Amino acid sequence: MPQGEDESRGGEHYNVSRLRSSSIEIREKGAEFLREQLDAAQKELKLKGEECERLSHVRDQLEQELEELTASLFEEAHKMVREANVKQAAAEKQLKEAQGKIDVLQAEVTALKTLVLTSTPSSPNRQLHPQLQSASTRGALRGHTRNKSTSSALTHPHGQAEAGPTDTQPASKEDKELDSVLFAEFLSWREAPSLERSSAFMGRVYREDIGPCLSFNRTELSQSVQSAVESNSLTIEPVAMTALPLVKASAIECGGPKKCALSGMSRPCRHRIKLGDKESYYYISPSSRARITAVCNFFTYIRYIQQGLVRQDAEQMFWEVMRLRREMTVAKLGFFLTDES
């Protein structure tokens, strides 16, 4: 019995020892696992802290940039508002001035239409065209000068009207017949009147009348004269025949009181022309002046039609245009009227 009790006690002691060692081993493994979990958690917490710090820095930077951008936008908005107010005030001022000018121009146009409605190149209104007055009552003329009506007889070189072969012959009456081709071209042009040469009507007039009438010996100057006539920037003015200045060598191209700048021929020049804003004046003979004036008359009437100032039917306009074309042809052939004075 005592031996069996000893063996049982030894077995129990062995079991207790084994349980203790197993428990210690389990605690050590658990502690090691917990330490690993703790290290991992600490590392993750450190990374989270660094990320939070970085995000906080980014937030601060964005807030600063946002404040700067907001201040800049407000400043730009105030600047734009100030500029808009200044521009609005200037625009309102210009609008008032423009309305005043429009009122003045409308009144002038109304008065001009009243004068123009009864004025054509064949019977011009002398109040509308002061250049048609006598040379003693007019000064320098700006724009196109107008020739006197060709309805009067051409004067003889000695100032007397040419008499017919016999005074007993009956006076002949001029008659006219409408050319269908020319009239059709005029009607087509009248639908959209312009000074361009693209239309058949203006192309024919340029080719048959304007070009030949303004073709002088001085080709380059002739082209400049035509351009000035087309742009309505040519000035013709009379020349005082007393105390005329001497022509300098540098002004030979401009002609002189006794030499026409366009034809280059020695003729008494009682008028001179100025082209646009150029400073030079060009002396012209009576024949050259008549040719330029004939073309100016044509352009003046064409502009009247273009601006809607002519209150006539198509056929009356057509015959007035034909009469003006005949004036250009007559002037090109060397015929012209002179003032009796």
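My aim in this report is to walk through the structure given alongside it, one point at a time.

What counts and how
- Residues numbered from 1 in each chain as written.
- Predicted model: local features only at pLDDT ≥ 70, side-chain atom pairs only at ≥ 80, totals over all residues.
- Heavy atoms only, no water.
- Phe/Tyr/Trp six-rings, centres within 6.5 Å; stacked < 30°, edge-to-face > 60°.
- Helix = DSSP H or I, 4+ residues; strand = E, 2+ residues; numbered from the N terminus.
- Buried < 20%, exposed > 50% of the residue type's maximum accessible area, 1.4 Å probe, protein only.
- Pairing = 2+ DSSP bridges.
- Axes fitted to C-alpha atoms, helices over the stretch in contact; angles between N-to-C directions.
- Salt bridge = Lys/Arg side-chain N within 4 Å of Asp/Glu carboxyl O.
- Polar contact = N/O pair within 3.5 Å; in protein donor to acceptor, adjacent residues only side chain to side chain.

## Remarks on the packing of aromatic side chains
Here comes step 1: Applying the stated rule across the entire model yields eight aromatic pairs.
Here comes step 2: With centroids separated by 5.5 Å and ring planes inclined at 75°, the aromatic side chains of phenylalanine 186 and phenylalanine 201 adopt a geometry described as edge-to-face. Here phenylalanine 201 lies in helix H3 (residues 200-213) and phenylalanine 186 lies in helix H2 (residues 180-191), a separation of 15 residues in the sequence. With respect to class, phenylalanine 186 is no different from phenylalanine 201; both count as buried.

## Structural notes on the sheet that holds strand S2 (residues 271-275)
Here comes step 1: Sheet architecture is open: three strands sit in the order S1-S2-S3, paired in antiparallel fashion. One side of each edge strand has no neighbouring strand; the edge strands of this open sheet are strand S1 (234-238) and strand S3 (281-284). Across the sheet, the axes of successive neighbouring strands diverge by a mean angle of 30°, strand direction being ignored.
Here comes step 2: Where S2 meets S3, four bridges bridge the pair, whose relative direction is antiparallel.

## A word on the pattern of salt bridges
Here comes step 1: Within this structure, the stated rule accounts for twelve salt bridges.
Here comes step 2: Note that arginine 204 is salt-bridged to glutamate 208, the shortest N-O span being 3.1 Å. Here arginine 204 and its partner glutamate 208 are both found in helix H3, four residues apart, which amounts to about one turn of the helix.
Here comes step 3: Connected via shared salt-bridge partners are Glu185, Arg204, Glu208, Asp209 and Arg325.

## Quick word on the side chain of serine 233
Here comes step 1: Its location among the elements puts serine 233 in the loop between helix H4 (219-230) and S1.
Here comes step 2: Here serine 231 takes part through its side chain, which lies 2.8 Å from a polar atom of the side chain of serine 233.

Don't take any of this as a statement about function, it's just geometry.
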